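Take a look at the letters that make up each chain.
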Amino acid sequence: MNLNIFSDRLQIELDWFEQLWAFSWSKVFEIPLAHLDKVTTEEPKSNWSEIRAPGTFIPGIIKAGTYYTSTGKEFWYVTKDKDYLVLELNNETYRRMIFTLNDSEIWQLKISQAKAALVN
């Protein structure tokens, strides 16, 4: 997975195998920074009542794809690693996007700084 920030947008590019596990037609997600409500590295809450459609779930190994929850439609690509990056969105297809990546805290800082720079 590759993340980039281009002026006012966050770009998330999935590798081919990530696309496969997530059953995602989209290889690249582009999110306007203005549509980001919150960026955290906290472990997201997940429960049994989520509806996976489509996606992959192997307990303790991977959770990938589109999930429908009580708070709305979410995109997950998380593995057994605990380095979460949680994006809470507005005016987007997904209400939340949750990923695991090695440098999640660095990306939280970069995204927050880029968003703050837009406001100023």
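Whatever comes next refers back to the structure up there.
Residues numbered from 1 in each chain as written. Predicted model: local features only at pLDDT ≥ 70, side-chain atom pairs only at ≥ 80, totals over all residues. Heavy atoms only, no water.

Trainee: Help me out: how do you make sense of the environment of W76 in this one?
Mentor: Relative to the assigned elements, W76 resides in strand β7 (residues 72–79). A polar side-chain atom of W76 sits 2.9 Å from a polar atom in the side chain of E74. (Helix = DSSP H or I, 4+ residues; strand = E, 2+ residues; numbered from the N terminus. Polar contact = N/O pair within 3.5 Å; in protein donor to acceptor, adjacent residues only side chain to side chain.)

Trainee: I would appreciate a short explanation of helix α2 (residues 104–119) in the present structure.
Mentor: Residues lying three or four places apart along an α-helix face the same way, a consequence of the helix completing one turn every 3.6 residues. With 16 residues, α2 extends 23 Å from end C-alpha to end C-alpha; this agrees with the ideal 22 Å at 1.5 Å per step. Every buried residue of α2 is accounted for by S104, W107, I111 and A114. Angularly, the buried residues of α2 cover 90 degrees about the axis, an arc narrow enough to put them on a single face. Residues of α2 that are exposed and point more than 90 degrees away from the buried face comprise E105, Q113, A117 and V119. The inward-facing, buried residues of α2 abut β1 (2–6), β2 (9–13), β4 (36–40) and β8 (84–89). (Expected span 1.5 Å × (residues − 1). Buried < 20%, exposed > 50% of the residue type's maximum accessible area, 1.4 Å probe, protein only. Arc of directions from axis to C-beta. Contact = heavy atoms within 4.5 Å.)

Trainee: Looking at this model, I keep getting lost on a nonpolar patch on the surface. Mind explaining?
Mentor: Side chains of W16, F17, L20, W21, I58 and I61 sit close together on the surface and give an oily, nonpolar patch of about 640 Å² of accessible area. Looking at which element gives the most residues to the nonpolar patch, the answer is helix α1 (residues 16–22), with 4 residues. Of note, I58 is situated in strand β5 (residues 51–58). (Patch = residues over 30% accessible without salt bridge, like charges linked within 9 Å, V, L, I, M, F, W, Y side chains within 5 Å. Areas by Shrake-Rupley, 256 points an atom, 1.4 Å probe, with all protein chains shown as cover. Salt bridge = Lys/Arg side-chain N within 4 Å of Asp/Glu carboxyl O.)

Trainee: How should the sheet that holds β2 be read in this particular structure?
Mentor: Spatially, β1-β2-β3 is the arrangement adopted by the 3 strands of the open sheet, whose pairing is antiparallel. Two strands in the sheet have a free side with no partner beyond their single neighbour: β1 and β3 (28–32). Between one strand axis and the next, the sheet turns by 20 degrees as a mean value, whatever way the strands run. Summarising the sheet, β2 and β3 pair through 5 bridges and their orientation is antiparallel. Within β3, the position partnered with Q11 by the bridge is E30. Here α2 sits on the sheet in contact with β1 and β2, set at roughly 20 degrees to β1. (Pairing = 2+ DSSP bridges. Axes fitted to C-alpha atoms, helices over the stretch in contact; angles between N-to-C directions.)

Trainee: Would you take a moment to explain the sheet that holds β7 for this structure?
Mentor: In a beta sheet, neighbouring strands are held together by backbone hydrogen bonds and run either parallel or antiparallel to one another. Spatial ordering of the open sheet is given by β4-β8-β9-β7-β6-β5, a layout of 6 strands whose pairing is mixed. Pairing within the sheet leaves two strands with one partner each, and these edge strands are β4 and β5. Across this sheet, the average inter-strand angle for adjacent strands is 15 degrees, counted without regard to direction. Looking at chain direction, β7 and strand β9 (residues 96–100) are connected through 4 bridges and run parallel. Bridging from a neighbouring strand, F75 pairs with M97 of β9. Set on the sheet, α2 makes contact with β4 and β8; between it and β8 the angle comes to about 30 degrees.

Trainee: I tried to follow the pattern of salt bridges on my own but got confused; where do I start?
Mentor: Note on pairing: side chains with opposite charge can pair once their charged atoms come close. Within this structure, the stated rule accounts for 5 salt bridges. Among the ionic pairs, E13 bridges to K27, the shortest N-O distance being 3.9 Å. You can see E13 sitting in strand β2 and its partner K27 sitting in the loop between α1 and β3, a full 14 residues away along the chain. Among the ionic pairs, R96 bridges to E74, the shortest N-O distance being 3.0 Å. Of the two residues, R96 is situated in strand β9 and E74 in strand β7; the sequence distance between them amounts to 22 residues. Residue R96 shares its accessibility class with E74, and that shared class is buried.

By themselves, these observations are geometric and do not establish any function.
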